[in-house]
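Survey of secondary and tertiary structure
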Amino acid sequence: SASGPNGHGPNGHGGPNGHHGFGRVARKEDARFIRGQGNYVDDIKLPGMLYGAILRSPHAHARLLSVDTAAAEAHPQVRAVITGETLAGLNLAWMPTLSNDVQAVLATDKVRYQGQEVAFVVAETHYAARDALELIDVDYEALPPVVDARTALDDGAPLIRDDVEGRTDNRIFDWEAGDAEQTGRVFDDAEVVIAQDMLYPRVHPAPLETCGIVADMDKVTGKLTVHTTTQAPHAHRTVYALVAGLPEHKIRVVSPDIGGGFGNKVGIYPGYVCAIVGSIVTGRPVKWMEDRSENLMTTSFARDYHMRGEIAATRDGRIRGLRVEVLADHGAFNGTAQPTKFPAGFFHVFTGSYDIEAAHCAVTGVYTNKAPGGVAYACSFRITEAAYLVERMIDLLAAELGTDPAELRLRNLLRAEQFPYSSPTGWEYDSGDYPRTLRTAMDIAGYDELRAEQADRRARAADAREDGPLMGIGISFFTEAVGAGPRKHMDILGLGMADGAELRVHPTGKAVLRISVQTQGQGHETTFAQIVAHELGIPVDDVDVVHGDTDQTPFGLGTYGSRSTPVSGAATAVVARKVRERARIVAGAMLEADPEDLEWTPGRWIVRGDPSSGATMQEIAMAAHGSLELPDGVEGHLDATTVYNPPNLTYPFGAYIAVVDVDPGTGKVTVRRFIAVDDCGVRINPMIVEGQVHGGLADGVGMALMQVMAFDEDGNHLGASFMDYLLPTSMECPSWELGETVTPSPHHPLGAKGVGESATVGSPAAIVNAVVDALHPYGVRHADMPLTPANVWRVIQGRPFRT
Ligand code: MCN
Ligand code: CUN
């Protein structure tokens, strides 16, 4: 049902959520959020609950000589002090990471980054636990740290992972994709070759709610219940089962309301394991909540890719080859989250949206003395870095050739007739019409007029030596690969990436959908109800969505990589269609007709061609639970279950245009306008999609202009508060100008593609391209993020202004 761009129109029939399907339905979950009645982990208070706090390393790299806990244990309110030694006795000092490495839960031998977990105190109150941390006496022998990834493989670099037998250096992996030889040949006879080094700095997802857990081990039943901030409850349960040796049916993971995830809540952190052990040791529930600095210093970072890009082209602007070398800083333990076979995630989709003959990338991962657990922050598994790289390279090429960057893109974008498209690094893009999307963005922007305004301003600045702001226009076009993923291609820690769904229909026609994905703000309680309503023709308000509790939902891998709509959304459509088919048989019995002779009209099965003879979903549901005689072999009720294994990923895309003004006196960048045209196939709820895009665009402003997790040469973390690590606010954001095109995914039952990370992936390059474009009269080719006033000012110092 490729309805118009806005689904079935605003708010449809009846009250807002009497709506029977897709469209701008008001978010159901907001009823509690706007009343301040959300229920977050830190709101949970269990009888007898204790509080945990973590002692953390002040050093980036040091040998642990001794940990004296006697004074802390003597504190009247302290119930337990757990150290690495305690955990080693339980065989829990180390835990597996999402990348098949191991990570220290509490340090036993060395500390390997500032903020690493050293001891865990459990006390009657949060304050007592914190106070007792100061009574623990730790003796460290400081070691030289590896702070800059570019020195990690130097001869004589300090060895970080001496816990692994036989390891002699800080190399984690070497990985490549594409055809090196073919790409080499294309570069050898290319007319134009351009190379550029660039850094995608280390940033942080920084959700407003930090990470936390309430662990409750019931010694009588042997059942462990954890309430926790997780984007993937079922995956966490399986990892706990494997780590702790507990059977899965004795573990219940509950994820209540989540105050933003952005990838930060995919992994399992040492504090979670400590709280569980704390509950086992004390026999009481234990709560542990991070504070802001702990969240910024120790949990999943994002990016930290040192990239060298090379692009080969003809003189008249036909791109022929792309080659990339990456040095990936993974921190002290390789805890990045991505499908097992892909140590650099989906970075190798880096040819992006262009028709390129040959491509090759080589990625080397290294350990450094920084926090582990990368890939988080709306990245589509490293596609953020990939999209940034290719979009910068295209602008560099445009500048070299003296071609307009929009023109260069239009000349090289994949054309509609090339889909499904097989990329040089092995991807099959499902659908797209890229030039149409870029032209739509250019129309909204008034691209030609903007270029004319820019030329005029530059001329005036050159003639009159005006000191006014410099205007820049930046484009980025991105393609994502989201909806991981087909079982034959990918798994995480051996777990396949298919999702279950269960749908029950009560006798009165009200429905309950059970899914495994976990909303963190994306509005699943609304959009998944809309999918069921759309398929069964019942009101959205008649569908309840149950999620975030492993005891109540089918298995599935959770919400990240914008996979909820592509995978669980598809599962929901499939299970609803199963219910609809069961309803057809019941309707046949009710109408005394052959089910084959019935046809579906929204909400009703009717005798083909006779709308006066039919049964609504509500009537059918009642009959299915009643005394109506059903044909032999047909079970009563309408309930159904399914497991959806996606045949391919979905490939959403978009064209973004940023207009910036740069003050050459201060280096301050103002984003004057931002045009975003997204294509995520069929939109279930256009309002929620636009909200997702707004959020991601703000992320882009943050990364492009403000954010970096910096470290000094001793490995001290310099961004551990919101005074130093800046979040964009409405003050830094323009009023977003959105457009859309709709190219349905041919393999998704609803034609939908994911969208939750699109704008974060696509927007940084547009802003950086715009700033570099503004600085063009100074001969600037490239500048690394974040383009803070100081960085921009420094880049243009000593350079003459020439048009
Ligand atoms: N949607 C739609 N039509 C489409 C595609 C999506 O109506 N064609 C709706 C979906 O039904 C869902 C929302 O848009 O309600 C996002 O869907 P999807 O693209 O499937 O992404 P996920 O639900 O899997 O969300 C994950 C994604 C990721 S990975 C990060 S990171 C991120 C993001 O979502 N974190 C977020 N957006 C976020 N938004 C909020 N408020 N908070 C976060 O932590
Ligand atoms: Cu990469 S952040 Mo989102 O996939 O949870």
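Here the structure is a predicted model, which means the values were calculated and not measured.

Basis of the calculations
- Residues numbered from 1 in each chain as written.
- Chains lettered and ligands numbered in written order.
- Predicted model: local features only at pLDDT ≥ 70, side-chain atom pairs only at ≥ 80, totals over all residues.
- Heavy atoms only, no water.
- Donors = N, O, S within 2.8 Å, 3.2 Å for Na, K, Ca; no water.
- Helix = DSSP H or I, 4+ residues; strand = E, 2+ residues; numbered from the N terminus.
- Expected span 1.5 Å × (residues − 1).
- Buried < 20%, exposed > 50% of the residue type's maximum accessible area, 1.4 Å probe, protein only.
- Polar contact = N/O pair within 3.5 Å; in protein donor to acceptor, adjacent residues only side chain to side chain.
- Contact = heavy atoms within 4.5 Å.
- Axes fitted to C-alpha atoms, helices over the stretch in contact; angles between N-to-C directions.
- Parallel < 35°, antiparallel > 145°, perpendicular 65-115°, else oblique.
- Left-handed = near helix turned anticlockwise from the far one by under 90°.
- Nonpolar A, V, L, I, M, F, W, Y, C, P; charged D, E, K, R; others polar.
- Near = heavy atom within 4 Å.
- Areas by Shrake-Rupley, 256 points an atom, 1.4 Å probe, with all protein chains shown as cover.
- Pairing = 2+ DSSP bridges.
- 1 Å grid on protein atoms, 1.4 Å probe; cavity = no way out; pocket = protein on both sides within 12 Å on 5 of 7 lines; lining within 4 Å.
- Points joined across faces, edges and corners; volume = space filled by probe spheres on them.
- Arc of directions from axis to C-beta.
- Domains from an automatic or database assignment.
- Buried area = accessible area lost by both parts, 1.4 Å probe.
- Salt bridge = Lys/Arg side-chain N within 4 Å of Asp/Glu carboxyl O.

**With respect to the coordination of the copper atom of ligand 2**
Around a metal, the idealised angle for a tetrahedral arrangement of four donor atoms is 109.5 degrees; for an octahedral arrangement of six donor atoms it is 90 or 180 degrees. The protein gives the copper atom of ligand 2 a lone donor atom, Cys379 (SG), placed 2.2 Å from the metal. Among the structural elements, Cys379 can be located in the loop between strand S17 (358-366) and helix H9 (383-401).

**Quick notes on helix H17 (residues 758-774)**
With 17 residues, H17 should reach 24 Å at 1.5 Å per residue; the first-to-last C-alpha distance of 25 Å fits that figure. For H17, a buried count of 17 out of 17 residues is recorded, marking the element as mostly surrounded by other parts of the structure.

**Section: the side chain of Asp101**
Structurally, Asp101 is set in the loop between strand S4 (94-96) and strand S5 (102-104). Here the side chain of Asp101 touches Asn334 through a polar contact of 2.8 Å, landing on its backbone nitrogen. In this structure Asp101 touches Met95, Pro96, Arg161, Phe333, Asn334 and Tyr367, once residues within four positions along its chain are discounted.

**Here's the deal with the packing of helix H16 (residues 686-705) against H17**
Running from N to C, H16 and H17 cross one another at 45°; their axes reach a closest spacing of 7 Å. Between H16 and H17, the angle falls in the class oblique. Once H16 is placed against H17, the crossing between them reads as right-handed. Counting all contacts with H16, which are made through Val693, Gly696, Leu697, Asp699, Gly700, Val701, Met703, Ala704 and Leu705, the residues of H17 involved are Ala759, Thr760, Ser763, Pro764, Ile767 and Val768. Among the residues making up the contact of H16 with H17, the classes are represented as 10 nonpolar, four polar and one charged.

**Points about the site of ligand 2**
Lining the immediate environment of ligand 2, one finds Gln231, Phe262, Gly263, Val375, Ala376, Tyr377, Ala378, Cys379, Ser380, Tyr560, Gly561 and Glu757. Measuring from an oxygen atom of ligand 2, one finds a side-chain N or O atom of Gln231 at 2.8 Å. Between an oxygen atom of ligand 2 and a side-chain N or O atom of Glu757, the distance comes to 2.9 Å.

**A short note on the site of ligand 1**
Near ligand 1 lie 33 residues; those nearest to it are Gly261, Gln522, His524, Thr565 and Val755. In the model, a nitrogen atom of ligand 1 is placed 3.2 Å from a nitrogen or oxygen of the Cys680 main chain. Between ligand 1 and Asn685, the relevant distance is 2.9 Å, taken from an oxygen atom to a main-chain nitrogen or oxygen of the residue. Summarising the interface, the protein chains cover 95% of the accessible area of ligand 1, which totals 830 Å² for the free molecule. Looking at the shell around ligand 1, the elements that each hand over two or more residues are helix H13 (524-536), helix H14 (564-591) and H16. Split into classes, the residues belonging to the shell around ligand 1 amount to 11 nonpolar, 18 polar and four charged.

**A short note on the pairing of strand S29 (residues 640-644)**
Judged by which residues are buried, S29 turns out to be one-sided: Ala640, Thr642 and Tyr644 face inward and are buried, whereas Thr641 and Val643, on the alternate face, are not. Note that strand S23 (residues 499-505) and S29 share five bridges and pair antiparallel. Bridging across to S29, Glu502 finds its partner in Thr641.

**Description of the layout of surface pockets**
Within this model, the second largest pocket holds a volume of roughly 520 Å³. Contributions of two or more residues to the lining of the second largest pocket are made by strand S10 (192-203), strand S15 (302-313), strand S16 (319-329) and S17. If you tally residues by element for the lining of the second largest pocket, the top one is S10, at five residues. Partitioned by chemical class, the residues of the lining of the second largest pocket number 13 nonpolar, two polar and 10 charged.

**Digging into helix H15 (residues 617-624)**
Those residues of H15 that sit buried are Met617, Ile620, Ala621, Ala623 and Ala624. Projected down its long axis, H15 carries its buried residues within an arc of 165°, all on one side. Lining the buried residues of H15 we find S23, H13, H14, strand S26 (598-601), strand S27 (604-607) and strand S28 (610-616).

**What about the domain arrangement of the protein?**
Domain parsing of the protein yields domain 1 (16-38 + 498-644), domain 2 (41-143 + 210-257 + 265-298) and domain 3 (302-484 + 648-796). Between the C-alpha centres of domain 1 and domain 3 there is a distance of 38 Å. Between domain 1 and domain 3, roughly 1900 Å² of surface is buried when both sides are summed, and carbon and sulfur atoms account for 64% of that area. Interface area lost by domain 1 to domain 3 is led by Phe22, Arg24 and Ser562, which between them contribute 29%. Ionic pairing is found between Arg24 and Glu690, a salt bridge with its closest N-O pair at 2.8 Å. One can count nine residue pairs in polar contact (both at pLDDT 80 or more) joining domain 1 with domain 3. Looking at the side of domain 1 that touches domain 3, the elements that each hand over two or more residues are H13 and H14. Looking at which element gives the most residues to the side of domain 1 that touches domain 3, the answer is H14, with eight residues. Of the residues that constitute the side of domain 1 that touches domain 3, the class distribution is 11 nonpolar, 12 polar and five charged.

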